[in-house]
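Spelled out, the chains give:
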Amino acid sequence: MRAVASALTGIAKSRGMTVILVGHVTKDGAIAGPRALEHLVDVVISFDGERHSTLRMVRATKNRFGPADEIGCFEIGDGGVVGVPDPSHLFVSKRASPVAGSCVTVTMEGSRPLLAEVQSLVAQNAGGGSPRRAVSGLDPQRLAMINAVVERRGGVPLGNSDVFAASVGGVRIVEPAADMAIALAIASAAKDKALPVGMVAFGEVGLSGEVRRVGGIGRRLAEAARQGYTLAVVPPDPGPVPRGLRVVEIPDLGSVLNRLF
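Keep in mind the model is a prediction, meaning the values are calculated, not measured.

Sheet analysis places strand β2 (residues 55–63) next to strand β3 (residues 71–77), joined by five bridges and oriented antiparallel. Residue pairing across strands places Met57 opposite Cys73, the latter belonging to β3. For β3 and strand β4 (residues 80–83), the ladder comprises four bridges, and the chain directions are antiparallel. Within β4, the residue paired with Gly77 across the bridge is Gly80. Joining the antiparallel neighbours β3 and β4 is a turn of two residues.

Take Asn125: it is sitting in the loop between β6 (112–124) and β7 (133–136). Setting aside chain neighbours within four positions, we find Asn125 in contact with Ser130, Pro131, Asn160, Ser161 and Asp162.

In this section: the sheet that holds β3. Pairing within the open sheet is antiparallel, and its four strands lie in the order β1-β2-β3-β4. Bordering the open sheet on either side are β1 (43–48) and β4, each of which pairs with just one other strand. Within this sheet the neighbouring strands show an average axis-to-axis angle of 30°, counted without direction. Here β1 pairs with β2 via six bridges, running antiparallel. Of the residues in β2, the one forming a bridge with Asp48 is Met57.

It is worth spelling out the nonpolar core at this point. Judged by nonpolar contacts, the single largest core of 44 residues is most densely connected at Val150, Leu184 and Leu253. Examining the composition of this core, we find that nine residues originate from one element, helix α4 (residues 179–191), more than from any other. Membership of the second largest hydrophobic core comes to 15 residues, among which are Val104, Val106, Ala177 and Val214.

What follows covers the packing of α4 against helix α6 (residues 253–260). Direction vectors running N to C along α4 and α6 enclose 45°, while the axes themselves pass 11 Å from each other. For the element pair α4 / α6, the angle class is oblique. Regarding α4 and α6, the two cross each other, and that crossing is right-handed. The segment α4 lies against α6, with Met180, Ala183, Leu184 and Ala187 engaging Leu253, Val256, Leu257 and Leu260. Residue composition of the contact of α4 with α6, grouped by class: eight nonpolar, no polar and no charged.

This part takes up helix α1 (residues 2–15). Counted at 1.5 Å a residue, the expected span for α1 with its 14 residues is 20 Å, and the 20 Å between its end C-alpha atoms agrees. One or two steps after α1, the chain reaches Gly16, where phi turns positive at roughly 65°.

Okay, a nonpolar patch on the surface next. A grouping of Ile11, Met17, Val19 and Leu21 is seen on the molecular surface, where their side chains present a nonpolar patch of about 300 Å² in accessible area. Along the chain, the position of Val19 falls in the loop between α1 and α2 (36–40).

Each value, and the rule that gives it
Residues numbered from 1 in each chain as written. Predicted model: local features only at pLDDT ≥ 70, side-chain atom pairs only at ≥ 80, totals over all residues. Heavy atoms only, no water. Pairing = 2+ DSSP bridges. Helix = DSSP H or I, 4+ residues; strand = E, 2+ residues; numbered from the N terminus. Contact = heavy atoms within 4.5 Å. Axes fitted to C-alpha atoms, helices over the stretch in contact; angles between N-to-C directions. Core = buried A, V, L, I, M, F, W, Y, C linked by side-chain atoms within 4.5 Å. Buried < 20%, exposed > 50% of the residue type's maximum accessible area, 1.4 Å probe, protein only. Parallel < 35°, antiparallel > 145°, perpendicular 65-115°, else oblique. Left-handed = near helix turned anticlockwise from the far one by under 90°. Nonpolar A, V, L, I, M, F, W, Y, C, P; charged D, E, K, R; others polar. Expected span 1.5 Å × (residues − 1). Patch = residues over 30% accessible without salt bridge, like charges linked within 9 Å, V, L, I, M, F, W, Y side chains within 5 Å. Areas by Shrake-Rupley, 256 points an atom, 1.4 Å probe, with all protein chains shown as cover. Salt bridge = Lys/Arg side-chain N within 4 Å of Asp/Glu carboxyl O.

What follows is the structure, given as structure tokens:
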């Protein structure tokens, strides 16, 4: 591999041409083989996505001549791979009336804000034994922590209930900014009360129930306003607010649950 890479480098420099190398990626997402190949090239681009989703992301994990946090969104269909200029609609349900246990958040894929919906279902554990905690598209450890905070700091009894949580559209949400949306979805499902129409929520939730700031708040709010949302539940001091969007600053989880329910 080193010999071939050295030969391709010599050809590219002598002819002034661009060389595209397609390599194998391990289960951990790293380029297989010697690291010399990754150090040699100028740009490393990955084309990946969830197995059961038609959406694919193009990410630049290395770029010597530009930013490495930009992404491209594509959808695999009958006509092949086509670009998706506005992928937010893929991760948000379209319904006529609000449903309990659903909350929309704004995630960041690189530097690109995307709207995503988190859904939760809380059911009484009628079979006895330990309550179930099932997750799809979310971090199971993160959900267990948020579940405990909602019960202890928010006053929502969940000890004898099965809790299910999932993201819409097959997108995987792992960033802490979605903590607030997950917590509100669980509380909404437990109380069987829908959240206000046109609301988005984001913010990291700590073990003491406080809501912490996250990165890219301005871009998240701008994307929510562009998509037609009118209410945003955010951490304190969000900065400039786009026109047409009402922002509610929440210092802790208990206060937002008292206001909404």
